[in-house]
Amino acid sequence: KKPMLLLQAVSQIKSKFTVNIVGYGPKFIEIDRYIKNNNLTNVRLYGELSRENTLNLLRKSEIFVLVSKWEGLPLTILEAMSVGLPVIASNVGGVSEAISEDNGILINNTVFDLKEALVRLMSNLDLCREMGTNGRLKIKTIFSLDKMLGEINDLYNNL
């Protein structure tokens with residue numbers, strides 16, 4: 001994960017908004033220190049949350065961001081899509097299987113790309129809603145539990 005990239009992009013945006021960072025890992029202390037040293041009063045660092053609390057936080061959000069060096073198909077992105085959020089994510093691994101221009105923005109891991117994607121979505125709430133709706137529909141039609149289990153079952157039966 002690349003949370004410092006998010007913080008660097010956020011520090012360059014002048015609009016009023018709140019960033020919620022969930023998770024506790026080896027970079028937690030570095031992130032906390034960066035937030036304090038750069039007076040990022042609009043960033044909340046939650047640490048580890050239960051799945052239920054994480055989903056509640058997602059439901060109250062407007063945009064989901066996942067910047068990373070490598071990913072398979074991240075469940076966090078699917079969860080964000082399931083509650084109708086547009087997604088900004090690094091164009092790595094299997095992320096592009098879930099995210100396309102109709103439900104999010106794939107970025108290169110640069111501060112510039114992330115900042116531009118954030119500004120684009122924050123300045124166009126209609127686009128956010130449209131992408132969120134498309135993402136929720138994609139979850140129902142392509143990534144539903146029934147469909148995924150059926151495909152796994154088919155795979156095993158064909159082996």
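Structure first, text after, so check above.
Residues numbered from 1 in each chain as written. Predicted model: local features only at pLDDT ≥ 70, side-chain atom pairs only at ≥ 80, totals over all residues. Heavy atoms only, no water.

Participant: Quick question: what am I supposed to make of the sheet that holds strand E5 (residues 104-107) here?
Facilitator: Strand pairing in a sheet is mediated by backbone hydrogen bonds. Such pairs are either parallel or antiparallel. Taken together, three strands build an open sheet; the order of strands is E3-E4-E5 and the sheet is parallel. Pairing within the sheet leaves two strands with one partner each, and these edge strands are strand E3 (64-66) and E5. Direction aside, neighbouring strands of the sheet carry axes that sit 10 degrees apart on average. Strand direction decides the pairing type here: strand E4 (residues 87-90) and E5, joined by four bridges, are parallel. Following the sheet pairing, valine 87 is matched in E5 by glycine 104. (Pairing = 2+ DSSP bridges. Helix = DSSP H or I, 4+ residues; strand = E, 2+ residues; numbered from the N terminus. Axes fitted to C-alpha atoms, helices over the stretch in contact; angles between N-to-C directions.)

Participant: Before we go on, may I ask you to explain the pattern of salt bridges in this structure?
Facilitator: The tally for this structure, following the rule as stated, stands at four salt bridges. For the salt bridge of glutamate 71 with lysine 1, the shortest nitrogen-to-oxygen distance reads 2.3 Å. Pair noted here: glutamate 71 is in the loop between E3 and helix H4 (75-82) and lysine 1 is in the segment before helix H1 (3-11), with a separation of 70 residues, a long-range link. The exposed category is assigned to lysine 1, whose relative accessible area is 53%. (Salt bridge = Lys/Arg side-chain N within 4 Å of Asp/Glu carboxyl O. Buried < 20%, exposed > 50% of the residue type's maximum accessible area, 1.4 Å probe, protein only.)

These figures come from the coordinates and say nothing about function on their own.
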